[in-house]
Amino acid sequence: MKQLPPDTVRLLSSSQVITSVVNVVKELIENSLDAGASSIDVKLENFGLDRVEVRDNGQGIKTVDTPVMAVRHFTSKICRHEDLEHLETYGFRGEALGSICAVAEVAVTTKTEEDEISTQYTMDLTGKIVSQKPSHLGQGTTVSVMKLFKNLPVRRQCFSSNKKCKEELKKVQDLLMAYAIIKPELRLMLVHNKVVLWQKAKVADNRSALLATLGPGAIANLIPCHHHQEQPEILLEGFFPKPGADYSSTSTSNPDKTFIFVNNRPVQHKEIMKLLRQHYTAQYADDQARNRYPTLMLKISVPPSSVDVNLTPDKTQVLLHNKETVLTAIEALLVSLYGFRPNADLPADKHLSSEPFPSPSSPLQADSERNAENSHSNDSVPRDGPKQSSADTSLDRQASNSDLESNFSLYDDEMSQTVTKPASKSPERLVDNKMTAATISKVQISAEDWSRGTALTDPVSGEPLQPVIIHRPTKQNHSVPDEAMSESSSSKKTLNAITEKRAALTAYDMISNRTMRAPLSPVTIFEKEARAEVLREKPTASLQDISVAIHERWKNLREEDRKKYEEKAKKHLEHHEQRTKLASAEGPREPGVRSHMQGQKRKAPLSNQQLLDELFAAQPQKKMKNPAPKPSQPLPCSVAALRLQLQRLSSQSSAAPQGLRLVNRLASQSAWVILCGQRLMLLNPFRVEEALLFKRLLENNILPAASLQNPIQLTDGSLGGAEYTEALCSMEKQSPELNGAAFFSDPRLVANGFKVKLTPGTKNKSRKTERHLEVTAMADCVPFLGVEDLREILTAVLHKKARTVRECRPLKVTNYLQGEAVRLTRQLPTNLSREDVKETLLRMEQQLGGANHTCIHGRPFLQHLTDVPTTEQEVKALLRPLEL
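Residues numbered from 1 in each chain as written. Predicted model: local features only at pLDDT ≥ 70, side-chain atom pairs only at ≥ 80, totals over all residues. Heavy atoms only, no water.

- In the nomenclature of an unreviewed UniProt entry, the protein is known as HMG box domain-containing protein of Astatotilapia calliptera.
- If you open the UniProt record of the protein and go to Sequence similarities (unreviewed entry), you find "Belongs to the DNA mismatch repair MutL/HexB family." (UniProt positions renumbered as here; feature names shortened; annotations may be inferred.)

The structure is reproduced here in structure tokens:
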């Protein structure tokens, strides 16, 4: 036998911790949350296989910790194993970054509050730093993972199919939704291939987080619930579907909207999920509701010492020390919400066709065997066994919770309840059941006998029990229900994924299916119409003020007006159902037909098909050609010579404006180092171009005016008074036409997209000539541009004595031009030459002068890096040895 090399051991263990893209995102997000981040951006390229970037604004990594930040088993979360009993963080093993480094290329950029600039570190396969350089990013940490599974080609090949990649992308979105719900104060954004797929802003509480994540359609049918227990300490909080609500709007066909949290950690717990489903589906008689998962949020808070998180590598499964007590508390909460129902289990017809005891391949047996091996359950018989064990369990739960009824049974006793029904009709069966229960209570069943099917025997004949014979009723009495059951099972139709996602449109739908808008509710239709009116009255109103105003208008709306909106919503729903039926009819096909028609089926417009073929090519290795290595040559470096050169540049640039002199471009290709006197500064030329473009647009841009079908009449009342009308009439006009009408040619009106016509009228009784003013054309590129903005122009002319176009820009036009400046700046080439940057600096000094050098977002053009040393002592102070 030979010992494995350390590299092999590291790769084997890391491939178990990092198994997919969603594992990488989960580990990095949890590190960001542990660092106190309030904003996290997740950016993926090629479904995360080419690049995964997670950026946060947390505390950052201290300089003394950076040499070991990616080395395995180095962590700041715990110091010893006993600290797990007081764990308050998501991570604790110190394996995340180290495992990612073993299967990908990793770069970490971090900056703390004490650091002057951020630093980017590049890691090797062992997690050690191989290079570092300064960066322009702000406080926080950015982890970039490139070429995931580059040394595991089989693992990477698993993601070669489009379906697998889309499923992985949806898992990432579901993970972000879970953290968005449990962390309302967190801002999250998911970007794939530079397209924003999903985002959530900072909100106040969990209900607002659910509203932002699932949409108003889903949250409208949820109610808050609360349960507190002192001994042992258990706190249950959450939002559950309203009793009796339509199951189509409060449940889905998959568990992606059933959120379970244990101590703020999203987990997957089969027993809790089963309990939630049973009590939710018991209120519906329809068989289709039995296969659905409720839309809810359950937050379980217990002492950290009673939870074992170190169970699986991804930490999505936990062990609860007081599992039975927690299940009892959840059951009491569900009973208080949905009421107690003796038949709160699966339908009886499904039990009749199933085995009364778990088969060797049944997951129930696997669960019971696991519980028997662990120290969490003292039962020697599987929990789905005879009636005796279920009664004991019910009595134990009743002792811990006096609110439950005396005949209340455990959620997984559905099999034993089914055994009781046929036994009540036959006294012989009842005796057999009692004997079997007594035998099982005395004899402990081994796993080997259970797997062979010889554990339970008939006390009369001595043969193994036949589960199907015990649970199947006689054919004479139940022949008709069996036929009906067979007909209903054969006539069951496969549920369509499109028709079940009414609450919100997810990124997975946009990628894999035809997009369909959800049916509009009466409130949504009213909100669309009322929003324009509110903005017309208050152009500067915030989003919150607009929502409050619309809500008040809806509350004060008359009954007959509400009926009109309800009729419109009904028409929308009918149209949506028709489209859903068409989509459902086109969906399922025969296997042979599906493979034959695969090439003809298109899920995107024809114009995008070539792009999709390039993105989802079956042979990505053709695109992964390594670029030719760039020629490099080592150059000698002397700090003294560099200091003399900088001093020479500083003296030569004394005649230049403000002493700005280009030094060199950073490797990031978007920033330049500039010498300003004795200071080295970092320049972002794109911010300068953005400010220059915005200034030029404010001064010279003319918004194109589109003719109005119905001209808008202008009066003293609409303009704000007679003085505003006089100010308008005093502006420059064109030559009058034959009928005396004239159009205003003043650039302060034309540049803002207004075309105003003045028509002289007849004289009135006071012998004053009446004038008719009307707007015949307005700019349609600015949303909600109207007479209020014309009044804003006249206010600037009348009160501020504005004479230039720049001084007369309305707020809406200014915001529009800001967006245009940003859009045009993004179209500039990434690699600017030295001559281009020099020209930009020259235009900055000429056009912006000594004004505040910031972009339109308030960010400075120049960031101070350091001062050029002038004495030998300063040089020695700067030349500190690198601490690694």
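1. Brief notes about the overall build of the protein
Okay, step 1: Looking only at helices and strands, the protein features 33 helices and 25 strands.
Okay, step 2: Relative to its full complement of 884 residues, the protein shows a buried share of 40%.
Okay, step 3: Pairs at least 24 apart in sequence give 65% of the contacts found in the protein among residues at least 6 apart.
Okay, step 4: A total of about 50,500 Å² of accessible surface is found on the protein, and carbon and sulfur atoms cover 52% of it. (Helix = DSSP H or I, 4+ residues; strand = E, 2+ residues; numbered from the N terminus. Buried < 20%, exposed > 50% of the residue type's maximum accessible area, 1.4 Å probe, protein only. Contact = heavy atoms within 4.5 Å. Areas by Shrake-Rupley, 256 points an atom, 1.4 Å probe, with all protein chains shown as cover.)

2. Here we look at the pairing of strand β3 (residues 105-111)
Okay, step 1: Counting buried positions along β3 yields six of seven residues, so the element is predominantly enclosed.
Okay, step 2: The pairing of β3 with strand β6 (residues 140-146) spans seven bridges and is antiparallel. Across the sheet, Glu 105 pairs through a bridge with Met 146, a residue of β6.
Okay, step 3: When β3 meets strand β4 (residues 118-123), the two strands line up antiparallel, connected through four bridges. Bridge pairing in β4 links Val 108 to Tyr 121.
Okay, step 4: Linking two consecutive strands that pair antiparallel, namely β3 and β4, is a turn of six residues. (Pairing = 2+ DSSP bridges.)

3. Re the confidence of the model for the protein
Okay, step 1: With 70% of its residues at a pLDDT of 70 or more, the protein shows a mean pLDDT of 75.
Okay, step 2: Across residues 475-503 the pLDDT falls below 50, and counting only partners more than four positions away or on other chains, this stretch makes 26 contacts in the model.
Okay, step 3: A low-confidence stretch, residues 653-658 stays under pLDDT 50, and its non-local contacts, those more than four residues away or across chains, total six contacts. (pLDDT = per-residue confidence, 0-100.)

4. Side note on the sheet that holds strand β19 (residues 672-676)
Okay, step 1: One open sheet holds the four strands; their spatial order is β18-β19-β20-β25, and the pairing between them is antiparallel. This sheet does not close on itself; its edge strands, each paired only once, are β18 (660-665) and β25 (862-867). Between one strand and the next, the sheet's axes are offset by a mean angle of 30 degrees, whatever the strand orientation.
Okay, step 2: In this sheet, strand β20 (residues 679-683) lies alongside β19 in antiparallel orientation, the contact comprising five bridges. Within β20, the position partnered with Val 673 by the bridge is Leu 682. (Axes fitted to C-alpha atoms, helices over the stretch in contact; angles between N-to-C directions.)

5. Regarding unusual backbone geometry
Okay, step 1: Cis geometry marks the peptide bond from Gln 231 to Pro 232, where omega comes out at -15 degrees.
Okay, step 2: The residue Asn 193 is not glycine, and still its phi comes out positive at about 55 degrees.
Okay, step 3: By the element assignment, Asn 193 lies in the loop between β7 (187-192) and β8 (195-200).
Okay, step 4: Even without being a glycine, Phe 784 presents a positive backbone phi close to 60 degrees.
Okay, step 5: By the element assignment, Phe 784 lies in the loop between β24 (769-779) and α30 (787-799).

6. Quick word on the nonpolar core
Okay, step 1: Ranked by size, the top nonpolar core spans 59 residues in total, and within it Val 25, Ile 40, Val 42, Met 123 and Val 145 carry the most contacts.
Okay, step 2: The element best represented in this core is helix α5 (residues 162-182), accounting for eleven residues.
Okay, step 3: Non-local contacts of Ile 40, meaning those with residues more than four positions away in its chain, are made with Ile 29, Ser 32, Leu 33, Val 54, Arg 55, Asp 56, Leu 186, Arg 187, Leu 188 and Met 189.
Okay, step 4: Tyr 247, Val 307, Leu 327 and Tyr 338 belong to the second largest nonpolar core, which has 34 residues in total. (Core = buried A, V, L, I, M, F, W, Y, C linked by side-chain atoms within 4.5 Å.)

7. Details of the packing of aromatic side chains
Okay, step 1: Evaluated as defined, the whole model comprises seven aromatic pairs.
Okay, step 2: Ring geometry for Tyr 247 and Tyr 284: centres 5.6 Å apart, planes at 65 degrees, overall edge-to-face. Separated by 37 residues along the polypeptide, Tyr 247 in helix α8 (residues 247-250) and Tyr 284 in the loop between α9 (270-281) and β14 (293-294) bring together distant segments of the chain.
Okay, step 3: A centroid spacing of 5.3 Å and a plane angle of 50 degrees characterise the contact between Phe 526 and Trp 554, whose relative ring orientation is tilted. Taken as a pair, Phe 526 in helix α20 (residues 522-537) and Trp 554 in helix α21 (residues 543-555) lie far apart in primary sequence, 28 residues in all. Accessibility classification places Phe 526 together with Trp 554 in one group, the buried group. (Phe/Tyr/Trp six-rings, centres within 6.5 Å; stacked < 30°, edge-to-face > 60°.)

8. As for the pattern of salt bridges
Okay, step 1: One pass over the full model with this rule turns up 22 salt bridges.
Okay, step 2: With its nearest N and O atoms 3.2 Å apart, the salt bridge here joins Glu 529 to Lys 568. Note that Glu 529 is positioned in helix α20 and Lys 568 in helix α22 (residues 559-586), a separation of 39 residues in sequence.
Okay, step 3: Among the residues examined, Glu 529 registers a relative accessible area of 36% and is labelled partly exposed.
Okay, step 4: Salt bridges linked by common partners bring Arg 51, Glu 53 and Arg 55 together as one network. (Salt bridge = Lys/Arg side-chain N within 4 Å of Asp/Glu carboxyl O.)

9. Re the packing of α9 against helix α10 (residues 323-338)
Okay, step 1: Relative orientation of the contacting elements α9 and α10 amounts to 20 degrees, with a least axis distance of 10 Å. Taken together, the axes of α9 and α10 are roughly parallel relative to one another. For the pair α9 and α10, the sense of crossing is right-handed. From α9, Glu 271, Ile 272, Leu 275, Leu 276, His 279 and Tyr 280 reach across to α10, where they touch Lys 323, Leu 327, Ile 330, Glu 331, Leu 334, Val 335 and Tyr 338.
Okay, step 2: Looking at side-chain class alone, the contact of α9 with α10 contains nine nonpolar, one polar and three charged residues. (Parallel < 35°, antiparallel > 145°, perpendicular 65-115°, else oblique. Left-handed = near helix turned anticlockwise from the far one by under 90°. Nonpolar A, V, L, I, M, F, W, Y, C, P; charged D, E, K, R; others polar.)

10. Side note on the pairing of β4
Okay, step 1: Bridge count between β4 and strand β5 (residues 129-135): six bridges; the pairing is antiparallel. Opposite Thr 122, over in β5, you have Ser 131 as the bridge partner.
Okay, step 2: Taking the residues between adjacent antiparallel strands as the criterion, β4 and β5 are bridged by five residues, where Gly 127 takes a positive phi near 90 degrees.

11. Observations concerning the sheet that holds β5
Okay, step 1: Pairing within the open sheet is mixed, and its eight strands lie in the order β5-β4-β3-β6-β2-β1-β7-β8. A single partner strand is all that each edge strand has here, and the edge strands are β5 and β8. Put simply, the sheet's adjacent strands are angled 15 degrees from each other on average, direction ignored.
Okay, step 2: Sheet analysis places strand β2 (residues 51-56) next to β6, joined by five bridges and oriented antiparallel. When the sheet's bridge partners are listed, Arg 51 is paired in β6 with Met 146.
Okay, step 3: Packed on one face of the sheet, helix α3 (residues 96-103) meets β3, β4 and β6 and runs near 140 degrees to β3.

12. Notes on the packing of helix α2 (residues 21-34) against α5
Okay, step 1: With their axes 9 Å apart at the nearest point, α2 and α5 run at an angle of 20 degrees to one another. Between α2 and α5, the crossing angle belongs to the class labelled roughly parallel. Here α2 runs over α5; the crossing is right-handed. Residues Val 21, Val 22, Val 25, Lys 26, Ile 29, Glu 30 and Leu 33 of α2 touch α5, and the partners they reach there are Glu 168, Lys 171, Val 172, Leu 175, Leu 176 and Tyr 179.

13. Examining helix α31 (residues 811-826)
Okay, step 1: Taking 1.5 Å per residue as the helical rise, α31 with its 16 residues ought to reach 22 Å, and the 23 Å between its terminal C-alpha atoms agrees with that figure.
Okay, step 2: Regarding α31, the residues found buried are Lys 812, Val 813, Thr 814, Leu 817, Glu 820, Ala 821, Val 822 and Thr 825. (Expected span 1.5 Å × (residues − 1).)

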